[in-house]
Amino acid sequence: MRAPMMLIHTVAAGGGSILHFDGARFRVGPDSAGANPGPKCYRRGGPLAVTDANVMVGKLIPDFFPKIFGPQQNEPLDADAVRTSFAALANDIGDGRAPEQVADGFIRIAVENMANAIKKISVQRGYDVTGYALNCFGGAGGQHACLVADALGMTTVLIHPFSSLLSAYGIGLADIRSVRQRAIEEPLPQTADCREFDERLVSVVEELAKQTRAELLEQNVPLDQIRSS
């Protein structure tokens with residue numbers, strides 16, 4: 001079977017990717033703090049994450065962020081908690097590196113993870129990425145785009161004015177869908193009269209369509225806008 005599709009390769013190195021030190025090496029992800037509790041700076045008791053590393057090195061400035069954090073959602077990013085946590089981590093590592101250097105080390109690992117993911121779908125397939133532009137999107141994209149481009153030898157980065165909202169915007173424009181499927185183990189009719197068999201198929205299809213309509217109605221999709229296929 002042939003069907004239109006897009007080749008997508010993802011890598012766990014987003015702003016919520018958790019930072020680990022196992023006593024010997026740094027590791028970024030693949031587990032994530034997500035949006036809740038989120039990184040340490042979100043004031044929800046989350047772990048140190050890539051976003052915190054960017055706060056630590058000054059790439060994210062709390063004064064430029066809306067005050068929507070904390071229990072009452074009226075506080076800025078918690079830079080003090082980030083500094084305290086990285087200071088404690090630097091002390092645990094014990095090799096003399098400053099907290100800022102520890103944070104920068106984690107950022108470099110995250111950047112390499114991103115660059116390697118791009119190489120997997122380009123260099124390993126025979127494409128010379130140095131002749132392409134790096135398309136940047138996502139809330140944390142702008143924090144790492146130039147470093148990723150440098151790691152790949154790319155000289156052009158495209159950043160859309162709404163780059164941090166493109167995923168949400170795309171989801172907002174996409175159709176709301178509900179999908180159901182069921183296997184039917186029935187012998188194919190050996191005669192030209194397939195009416196009974198067809199009726200069973202129609203019954204199953206109608207039942208599945210009823211389930212999908214109910215799910216869409218629960219999401220406040222108007223009945224006259226629902227189509228079954």
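These lines cover the structure that appears in this document, whether it is placed above or below. (Residues numbered from 1 in each chain as written. Predicted model: local features only at pLDDT ≥ 70, side-chain atom pairs only at ≥ 80, totals over all residues. Heavy atoms only, no water.)

1. Thoughts on the environment of Arg27
Alright, step 1. Note on placement: Arg27 falls in strand S2 (residues 26-32).
Alright, step 2. For Arg27, a relative accessible area of 32% translates into the label partly exposed.
Alright, step 3. Arg27 sits 79 residues away from Phe106 along the chain, and the two C-alpha atoms are 7.3 Å apart.
Alright, step 4. Contacts of Arg27, omitting those with residues within four sequence positions, involve Ile18, Leu19, His20, Phe106 and Ile109.
Alright, step 5. Here the side chain of Arg27 touches Gly29 through a polar contact of 2.9 Å, landing on its backbone oxygen. (Helix = DSSP H or I, 4+ residues; strand = E, 2+ residues; numbered from the N terminus. Buried < 20%, exposed > 50% of the residue type's maximum accessible area, 1.4 Å probe, protein only. Contact = heavy atoms within 4.5 Å. Polar contact = N/O pair within 3.5 Å; in protein donor to acceptor, adjacent residues only side chain to side chain.)

2. Side note on the side chain of Gln143
Alright, step 1. Of note, Gln143 is situated in helix H4 (residues 141-152).
Alright, step 2. For Gln143, a relative accessible area of 16% puts it in the buried group.
Alright, step 3. A polar contact is formed between the side chain of Gln143 and the side chain of Asn54, at a distance of 2.7 Å.
Alright, step 4. Excluding residues within four positions of it along the chain, Gln143 makes contact with Asn54, Lys59 and Leu60.

3. Things to note about the nonpolar core
Alright, step 1. Counting residues in hydrophobic clusters, the biggest one holds 32 residues, and the most contacted among them are Leu19, Phe86, Leu89, Val102 and Phe106.
Alright, step 2. Every element with two or more residues in this core is listed here: S2, helix H1 (50-56), helix H2 (79-93), helix H3 (99-120) and H4.
Alright, step 3. Of the residues forming this core, the biggest block, 8 residues, is contributed by H3.
Alright, step 4. When near neighbours in sequence (up to four residues on either side) are disregarded, Leu19 contacts Arg27, Val28, Leu48, Ala49, Val50, Ala53, Phe86 and Phe106. (Core = buried A, V, L, I, M, F, W, Y, C linked by side-chain atoms within 4.5 Å.)

4. Side note on a nonpolar patch on the surface
Alright, step 1. Residues Phe137, Phe162, Leu165 and Leu166 make up a contiguous nonpolar surface patch of about 400 Å² in total accessible area.
Alright, step 2. Inspection of the secondary structure assignment puts Phe162 in the loop between strand S4 (157-159) and helix H5 (166-173). (Patch = residues over 30% accessible without salt bridge, like charges linked within 9 Å, V, L, I, M, F, W, Y side chains within 5 Å. Areas by Shrake-Rupley, 256 points an atom, 1.4 Å probe, with all protein chains shown as cover. Salt bridge = Lys/Arg side-chain N within 4 Å of Asp/Glu carboxyl O.)

5. Let's talk about the pattern of salt bridges
Alright, step 1. Applying the stated criterion across every chain, the model contains 7 salt bridges.
Alright, step 2. A salt bridge links Arg83 to Asp80, with the nearest nitrogen and oxygen atoms 2.5 Å apart. Linking Arg83 with Asp80, this pair stays in helix H2, spanning 3 residues, or about one helical turn.
Alright, step 3. Looking at Arg83, the relative accessible area reads 42%, which means it is partly exposed.
Alright, step 4. The closest approach of N and O atoms between Arg97 and Asp95, which form a salt bridge, is 2.7 Å.
Alright, step 5. If you follow the salt bridges from partner to partner, you end up with Arg43, Glu75 and Asp78 in one network.

6. Looking at the pairing of S2
Alright, step 1. Two strands pair when backbone bridges link them, and strand S1 (residues 17-21) and S2 are joined in this way by 4 bridges, in the antiparallel orientation. Bridge pairing links His20 to Arg27 in S2.
Alright, step 2. Two successive antiparallel strands, S1 and S2, enclose a turn made up of 4 residues, where Gly23 displays a positive phi of approximately 100°. (Pairing = 2+ DSSP bridges.)

7. Focus on the environment of His20
Alright, step 1. Position of His20 among the secondary structure elements: in strand S1.
Alright, step 2. Separated by 144 residues in sequence, His20 and Ser164 place their C-alpha atoms 26 Å apart.
Alright, step 3. Excluding residues that lie within four positions of it along the chain, His20 makes contacts with Arg25, Phe26, Arg27, Gly29, Asp31 and Phe106.

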